[in-house]
Structures are given as structure tokens and as C-alpha cells.
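Here is what each chain is made of, one letter per residue.
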Amino acid sequence: MELLWPQKMSSVLPPRVCRIALINMPWSRIDTPSIQCGLLKSVLEAEGHQVDVHYLNIELAVDLGVEAYESFSDLSSERVTLLGEWLFSRAAYRSDAGDAREYITDFPEVLETAKDFGISEEELVLFREENFPEWLDEISQRNWMEYDLIGFSSTFMQNVSALALARMIKERSPEIPIAFGGANFDGIMGVEFFRAHDFIDFAVIGEGEKVFPELVRRVSLGEKEIKMSGVLSRHNSITPSTQEVRAPSIVDLNLIPTPDYTDYFETLEKYGGDSLLRGRRVELLVEFSRGCWWGAKHHCTFCGLNALGMDYRAKSPERAFTEVETLLRNYKISAIAAVDNILDMKYLGKFCEDMAESDWTLSLFFEVKANLDRAQVKSLASAGVTAVQPGIESLSSNVLKIMRKGSDSIINIRLLKWALHFNISVYWNILSGFPGERDEDYRLQANLIPLLHHLEPPNGVNPIWVERFSPYFNGHSPHIKNIKPRRSYYHVYPENRVRNEDVAYFFDADASEVASPSALAELSEAVENWRSLWKEGKRPTMFARRGPGWLEILDRRRSPARRISMSGWQAHAYNICMDNFKSRSRLVKEVGQLAEAPSEEEINAHIDRCRDEGLLIEDQGRVFALALPYQY
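Here the structure is a predicted model, which means the values were calculated and not measured.

Calculation criteria
Residues numbered from 1 in each chain as written. Predicted model: local features only at pLDDT ≥ 70, side-chain atom pairs only at ≥ 80, totals over all residues. Heavy atoms only, no water. Helix = DSSP H or I, 4+ residues; strand = E, 2+ residues; numbered from the N terminus. Rg over C-alpha atoms; globule rule 2.2 N^0.38 Å. Contact = heavy atoms within 4.5 Å. Lys, Arg positive; Asp, Glu negative; His and termini not counted. Charge placed at Lys NZ, Arg CZ, Asp CG, Glu CD. Core = buried A, V, L, I, M, F, W, Y, C linked by side-chain atoms within 4.5 Å. Buried < 20%, exposed > 50% of the residue type's maximum accessible area, 1.4 Å probe, protein only. Pairing = 2+ DSSP bridges. Axes fitted to C-alpha atoms, helices over the stretch in contact; angles between N-to-C directions. Phe/Tyr/Trp six-rings, centres within 6.5 Å; stacked < 30°, edge-to-face > 60°.

We now examine the overall build of the protein. The number of helices and strands found in the protein is 25 helices and 25 strands. A compact globule built from 632 residues should have a C-alpha radius of gyration of about 26 Å, and the protein, at 27 Å, falls within 12% of that. When the backbone C-alpha atoms are referred to their principal axes, the protein occupies close to 90 × 55 × 50 Å. Contacts in the protein between residues at least 24 apart in sequence constitute 75% of all its contacts with a sequence separation of at least 6. Taking the average location of the 71 positive side-chain charges in the protein and that of its 92 negative ones, the two points are 4 Å from each other.

Next comes the structure, spelled out in C-alpha cells:
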């Protein structure tokens, strides 16, 4: 294997080589390795230590059966119910854990969804009360004493399973230091989890690539009272309330090594490889940037991502290309997904150019901002990008303004059009529940949707929740009141052990000045109709063929299909707003410069007819053609 960017994160040699165990718990996906563990493995081995990454998520999938594991994993992705965390709460809190039937009574939707996956109420309760505690107990009996430190990465629905196993290991081997880190330990959440669980010796709050190797070095020295910025330690006199609790951010991301995924592939091979994945492809995770360059200027009102580290930092395009090349060479995997919150716009230059010039077979995923034009989307496609998550969130310019998204309806529709043209899948949702929205905003979207049936539909219409670290959580809106942890937290974390108001990331709240249920229902019905057309293989199309002085549109968005022909200045007017939107005044001016130019009244009348016939849309004085260029 090629050496993986072997920079040391510190200049001090460790006094001795340590053996470190990093643990990746359920319910993380089994078709992708842990980037958190992969990065720390690379960093620690560059410092001279030995690191084993234990993919216990894969082991549970083997023990349960892949189909059952994936069913639980899919169920656990539901953030309202915290099912994934609840399933391990008996193992973590034992007699302090709440009654299983009370949880199921409080969240009947869990049982209904479980039945869809072939899981009965009795099976659900049995897994929580007996099967998972027994499985963790067996895991805890392994020879963990061979390690000098055990680290748990906790992100999304991994927290309670990690706490349960850490507790069991500590009870059997109290002398082994145990460390926690990850997104679930950011800010006050990590401080409270550390306070409430005395078997955690160290908690890293924030970015770990610099402080964790230094922590390991001090452990190797045998230091008894470790004082570090960004690390909570059980063995010193500094309390979490007085200690600086966030690790310093890494400014130059080029110093961070490429993640080492060796243990993932070894574990996968040990348990059956392709047969375990049942033909699904493995997707490698990369990280090219941290923070959000848009959020640093205009933090979206509902977004809690990036916690306290919004400042945007990105690897150079050259380094990003080298990292993709290294991963492809080492693992021969072509599907790569960036975990970045937003794509650095500089990558649309040299990075995309270098990727396009390579002869690699690739499937790349990025989160992007929606304001990409045709040329930029084409650049992504030429680089091997096959899917994006653009944060569209709405087709209402008013609602998008309330969100502070920096986009509007016509910008989002432009992205959908060119992504489809260049065969890039778009993952997006329509969100609701923003103070200041109007029923009209959702009814206008419902009326707009039939015109967009030829474009990729959203996953659904979903209400927002209040997230920790978001402007709404921090008092941005006087119309959001009574913020409190979602009630599912109280079924997971016992109140006599954990302060849920400090560990919760998702919150319930009372919001006023929001759209009515009837308006939302109207939009939801329109979206479901849109989605059903794509699911049933009846996907509508709308293409335009162009030639010298003429244009023909074949519109199959509804039955019967229709053919619209234009010529001369009328075809030219439509062509002008095919690639990008134009202001109506600019469009009228450009058409008016033709030799056979009609009057302004005739041009405006033509624009009105095209709009009324659903051939183009108009928003805030701008017009945009909906037809895609015809492709043979």
C-alpha cells in the first residue's frame, strides 16, 4: 500500500510506542468505512503508534444478519424517535433505563415502521432488553488489556452503544484509559456526557487530529494529571465548567493525512466481503474542507452544523486530487463521497479539470450550493460527480429568504434542470415551519410543481426541527419559544443520570407565524404525485430541439403530449433564457436588437404566452426556460 500522507502532527517523539484501539459502533453503515477512525489511525501511526480499528458495526451485521442490521440501521436514522440510541439504552443504563413499553406507547410510529421491516413489537423489546446487552457483554470480554488506550468515535446514532460497551470494558479492566470524541461530544454535549459517565477518562471536544496524538503521548509518559485545551480528563483537578473545552481548529487542512481504511477492508473480507454487502458497492469517505463558507457570512437560520467551528478551511485542489488518487490506488474503489458541508468553489477549476483529464472510472458525491450555472454543473459532471446534495430546501423565494439560503426559486430550478441534463442525481427536501412563512408560499409551490415533473423530485416535505448551535436555537427568532429536548431523549438518557437539556441536539419548540396544515398538505400531495411519476417509471420529459431560426419543444409532462414550434424572433427569445435565467427587461432588449425586431408589446406578449403555457417560469422579474436540450 502506498504511504498515506505521513506528516507528523507534532514535533515531539513519543517516549514509547502505544497500542491504540479505535472503535466504530452501530448503527453506522457497513458499506462505508469510518472517516473519523481512518483519519486518527493515519495521524497516530505517523506518530509511531500502532492502531487497530474495530468495526463492531460490521460484526453486529454478521451476528444479526445483514438484512436485519440494515433494517435496524434504516429505522435508527429517524432522528425524531432516537430508536438507534434507545435500542442500547438498557445495556448502557441497566436498571436506570426506562420502560420499553412506555417508549413504544409514546412513539407508535416506531412500531408501525418496524413492522414494515418485518420486526414485531416482541422482537424489538427483546433486542433492547436482552440481545444487545448480551452481545456487548461478549464483546467486552475480549482481550482489551493489550491496548494502552481505547478510543470511541461517536457520531449520529453511535452514542449509547459506545457508552454501553465502554462501561462494560471499564468494569472488567478499570486500568485501561477510555477516550471519547466525535460530533456527539461537541460543545456542552461532550461536557455533560463526560460528567455523567465516570468510566470515560478523556473526552476530546472539537477537532481531534492535533490534540488526540498529544493525549496519547502524555498517556505513554504515564502522566497522572493531564491538562490540555480541548481535552476533559478524569485525572486532574480541572472541572469541565472551568476548563477550556474546545480543541484548537486546524487551520491548514493540507496537514491532515489521508484516512487509512485498511482495517475496514480486512474486517469486510474476514466476514464475507461481497457476499456480506450483497452486491452493494463500497463508498469511501473523504474530507476536503471544514466549516461553511456561506454560513460564515450568513448562517442559515435552522442549521446547527459545524457547531462552534463555522470558519471555512479547505485543502488545496491539488491536494484533493492527490488524495482521491491515493484512495483509488490503495483500495481500488471508485465510489467516493465528500463529507464536506459545502464544496469549495475553487474546485470547479483545477480539481475538476484534473479529474476530467484522468482516465479513472469514478462516482463522486459532493454537497454544493444551489447557485451553480450550466457550465459549473458540466464541470462537476466531467470530473465524475454523479450525485450532489445542494441544500435546495424550498421552491419559494420568500421562504428561502427567511432561511437565509442565499438562493431563490429560479436558482434552485436551474440547478435541477442542469443536474438532470448532465446525469447528476440530486438529493433534496422541501422544508417547512419557518416563522414568517405564508400559506401562499406553499400553495404557489404546489401550483408550480406540475411544471417541474420532468425534473428530479424531492424526497418529501418535512418540518424543521430546532438544532443545537442553530440561530433559531440561539434566539434568532422571537416566534420560536419553549425550546426543550425532544421527548425521545428522556426515554434514552435517564434524568437521574444525564441532563438532557445539555446533551440533546434536536429540540421541540412552539413556533408561531407559520403556514397552516392545509397549505402544507396541499404541497405534500403535489410532491407525492411528482414522486410517484418517477417511481412508477412514468417519468415525464420536456425537450427542445433547436436549429437555425427555429425551435421545437416536445412536452410530455402531461397527457396528451404536445409539440410546440417557434421560429424567428420567438425561437430566439426562448433560446436566450434556455441556458440561464434573464431579467424580462434584458430579454426584451436583446430580442429588440434583432433586424426583424417586433415591438416591446409583442415580445412581452410572447413571454406571457410561454409562461402561461408552462414553457418557462417567471420569478422576481426573471424568466427561465424549462425545456432541456434534446439529447440523442
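Moving on: the nonpolar core. Grouped together as the largest cluster of nonpolar side chains are 215 residues, with contacts concentrated most on Phe152 and Tyr574. Apart from residues no more than four positions distant in its own chain, Tyr574 is found in contact with Met542, Leu551, Ile553, Met566, Cys610, Leu615, Leu616, Ala625, Leu626 and Ala627.

A separate point is the environment of His54. Assignment of secondary structure puts His54 in strand S2 (residues 50-55). A relative accessible area of 17% places His54 in the buried class. His54 sits 32 residues away from Leu22 along the chain, and the two C-alpha atoms are 6.1 Å apart. Not counting residues up to four positions away in its chain, the partners in contact with His54 are Ala21, Leu22, Ile23, Asn24, Trp144 and Tyr147.

Below, the discussion takes up the sheet that holds S2. With mixed pairing, six strands are arranged side by side in an open sheet as S2-S1-S3-S4-S5-S6. Taken across any chain shown, the strands that pair with only one partner, and hence form the sheet edges, are S2 and strand S6 (231-233). The sheet shows a mean angle of 20 degrees between the axes of neighbouring strands, direction not considered. Inspection of the sheet shows strand S4 (residues 178-181) paired to strand S5 (residues 202-204) by two bridges, in the parallel sense. If you follow Ala179 over to S5, its bridge partner there is Phe202. Here helix H9 (residues 159-172) sits on the sheet and contacts strand S1 (19-24), strand S3 (149-153) and S4; the angle it forms with S4, its principal contact strand, is near 170 degrees. Where helix H11 (residues 211-221) meets the sheet, its contacts fall on S1, S3, S4, S5 and S6, and the angle it forms with S5 comes to roughly 160 degrees.

Before going further, it helps to spend a moment on the packing of aromatic side chains. If you walk through the whole model with that rule in mind, you get 37 aromatic pairs. Geometrically, the ring pair formed by Tyr489 and Tyr493 is stacked, given 6.4 Å between the ring centres and 20 degrees between the ring planes. In this structure Tyr489 comes out as buried when scored by relative accessible area, which is 5%. Residue classification places Tyr493 among the buried positions, given a relative accessible area of 3%. Aromatic pair Phe543 and Tyr630: ring centres 5.7 Å apart, planes at 80 degrees, arrangement edge-to-face. Of the two residues, Phe543 sits in strand S19 (residues 542-547) while Tyr630 sits in the segment after strand S25 (628-629), which places them 87 residues apart along the sequence.

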